[in-house]
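Analysis of the macromolecular model
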Amino acid sequence: MTERNKRGTNRRAVYETLRRKVLTLELPPGAALSENELAASLGVSRTPVREGLILLSDEGLVQVFPQIGSFVSRVDPQRVADAQFLREAVELAALDDLPATLDDAVVEDLLANLERQRRPDIGLEEFFALDEAFHQGLLTLSGHANAWTTVASAKGHLDRARRLGLYDAQSPAEFATQHVEILDAVRAGDIAVARTAMRRHLRAVFEDVERIRARSPELFSADPTSVPTRRNVVVWE
């Protein structure tokens, strides 16, 4: 591997690591970020860290204030709403494109996914991963698997809001039940019922967001350009 390719690989790896930690709330909304500390913990120079923070800033997940510092952005309700709009438009449209004969292999994968979702001892991050795979699988059934990349890249604020809702609820059982209802309707060929169930499922996040926002307003920002109150620098082992 050339030195140039190695730098590109480091930059991508650092960006993906930081993005994952922001989305999983390991780096919580409003947390202050130090390039030096992050570089030391990741075993890289400051350059890929700085470049990673810039990419996250472009997504609205990090705020960089010259002469002040970098912060994990608070959850922006407008970005949550925009991502929800995009997701609903794509996933409901995909249901309309389901073929008369479904791919048996994809259906079997979805059924196995639902079995794992309903395990009583499932962890929230495992459930979140299965939830993502379930929705991506439905897009695959409709022939629009590649659309998931666009949806996933636009929903960083929505993912954080959803995780806050899952952690607040303590149990993903209700969401798993909604998934079962959607897939049952899809397998029965009742697209109208599937669309209604999907819309209700996707919009349920707003109830969670408003409840959490009322209880923990410091996690949300009415003004995305405002400077967060500085907290201790985030470092992990």
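Rules behind the numbers
Residue numbers here run from 1 along each chain, matching the order of that chain's written sequence. The predicted nature of this model means local features are confined to residues of pLDDT at least 70 and side-chain atom pairs, given and counted, to a pLDDT of 80 or more, with totals for whole chains, interfaces and linings taken over all residues. As a convention, hydrogens and water are excluded, and side-chain values are obtained from all of the structure's heavy atoms. Runs of E in the DSSP output that reach at least two residues are strands. Runs of H or I that reach at least four are helices, and both are numbered from the N terminus. Partly exposed residues are those whose accessible area sits between 20% and 50% of the maximum for their type, while under 20% is buried and over 50% is exposed, using a 1.4 Å probe and protein chains only. For the accessible areas, the method is Shrake-Rupley and the probe is 1.4 Å, while residue cover comes only from the protein chains on display. Put simply, a nonpolar core is a bunch of buried Ala, Val, Leu, Ile, Met, Phe, Trp, Tyr and Cys residues held in one set by side-chain atoms that sit within 4.5 Å of each other. Two residues qualify as a contact provided that any one of their heavy atoms is within 4.5 Å of a heavy atom in the partner residue. Strands pair, by our definition, only if DSSP identifies at least two bridges between them. Axis angles are defined between N-to-C directions and span 0 to 180 degrees, where every axis is a line fitted to C-alpha atoms and, for a helix, only to the segment in contact. Helix span, expected: 1.5 Å multiplied by one less than the number of residues in the helix. To obtain the arc, one takes the directions from the helix axis to the C-beta atoms. Think of a polar contact as two N or O atoms within 3.5 Å of one another; within protein, one of them needs to be a possible hydrogen donor and the other a possible acceptor, and neighboring residues in sequence only count if both atoms come from side chains. To sort the angles, those under 35 degrees are grouped as roughly parallel, those over 145 as roughly antiparallel, those from 65 to 115 as roughly perpendicular, and the leftovers as oblique. All amino acids are sorted into three groups, where Ala, Val, Leu, Ile, Met, Phe, Trp, Tyr, Cys and Pro are nonpolar, Asp, Glu, Lys and Arg are charged, and the leftover types, Gly among them, are polar.

The protein chain is annotated in an unreviewed UniProt entry as DNA-binding GntR family transcriptional regulator of Amycolatopsis lexingtonensis.

**A look at the overall build of the protein chain**
Scanning the protein chain from N- to C-terminus turns up 10 helices and 3 strands. Ordered by position in the sequence, the α and β elements of the protein chain form the string α-β-α-α-β-β-α-α-α-α-α-α-α. Residues classed as buried in the protein chain amount to 46% of the 237 residues present. Element-wise, carbon and sulfur atoms account for 51% of the exposed surface of the protein chain, whose accessible area totals about 12100 Å².

**Observations regarding unusual backbone geometry**
In the Ramachandran plot, Leu25 falls in the positive-phi region, its phi being about 70° despite a non-glycine side chain. On the secondary structure map, Leu25 appears in the loop between α1 (3-23) and β1 (32-33). Of note, the phi angle at Gln67 is positive, near 70°, even though the residue is not glycine. One can find Gln67 in the loop between β2 (62-65) and β3 (69-72). Gln67 gets classed as exposed once you look at its relative accessible area, which sits at 82%.

**Re the nonpolar core**
Counting residues in hydrophobic clusters, the biggest one holds 20 residues, and the most contacted among them are Leu95, Leu110, Leu138, Leu141, Leu183, Val186 and Met198. For this core, the element with the highest residue contribution is helix α9 (residues 173-188), accounting for 5 residues. Contacts of Met198, omitting those with residues within four sequence positions, involve Glu91, Leu92, Leu95, His135, Leu138 and Ile182. Core analysis: the second largest hydrophobic core is formed by 16 residues, Val14, Ala31, Leu56 and Val72 among them.

**Topic: the pairing of β3**
Look at any regular strand and the pattern is simple: side chains alternate between the two faces of the sheet. The alternating pattern of β3 places Gly69 and Phe71 and Ser70 and Val72 on opposite faces, both of which are buried. Pairing of β1 with β3, which is carried by 2 bridges, proceeds in the antiparallel orientation. Within β3, the position partnered with Ala32 by the bridge is Phe71. In the sheet, β2 pairs with β3 via 4 bridges, with the strands oriented antiparallel. Among the inter-strand pairings, Gln63 is bridged to a residue of β3, identified as Phe71. The turn joining β2 and β3, which pair antiparallel and follow one another in sequence, is formed by 3 residues; a positive phi near 70° is taken by Gln67.

**Concerning the sheet that holds β3**
Read across the sheet, 3 strands follow the order β1-β3-β2 without closing on themselves; strand pairing throughout is antiparallel. Where the open sheet ends on each side, the last strands, each with one partner, are β1 and β2. Those strands touched by helix α3 (residues 46-58) are β1, β2 and β3, and its axis lies near 115° from that of β2.

**Description of helix α4 (residues 77-96)**
Here α4 spans 29 Å end to end across 20 residues, near enough to the 28 Å set by a 1.5 Å rise per residue. Among the residues of α4, those classed as buried are Pro77, Val80, Ala83, Gln84, Arg87, Glu88, Glu91, Leu92, Ala94 and Leu95. The buried residues of α4 occupy an angular sector of 150° when projected down its axis, which confines them to one face. Near the N-terminus of α4, the side chain that reaches the backbone nitrogen of Gln78, with its oxygen 3.0 Å away, is that of Asp76.

**Observations concerning the packing of α4 against helix α10 (residues 191-215)**
At a minimum axis distance of 9 Å, the contact between α4 and α10 shows a crossing angle of 170°. On the basis of their axis angle, the class for α4 and α10 is roughly antiparallel. For the pair formed by α4 and α10, the contact residues are Pro77, Val80, Ala81, Gln84, Arg87, Glu88, Glu91, Leu92, Ala93, Leu95 and Asp96 on the first element and Ile191, Ala194, Arg195, Met198, Arg199, Leu202, Arg203, Val205, Phe206, Val209 and Arg213 on the second. Per-class residue counts for the contact of α4 with α10 are 13 nonpolar, 1 polar and 8 charged.

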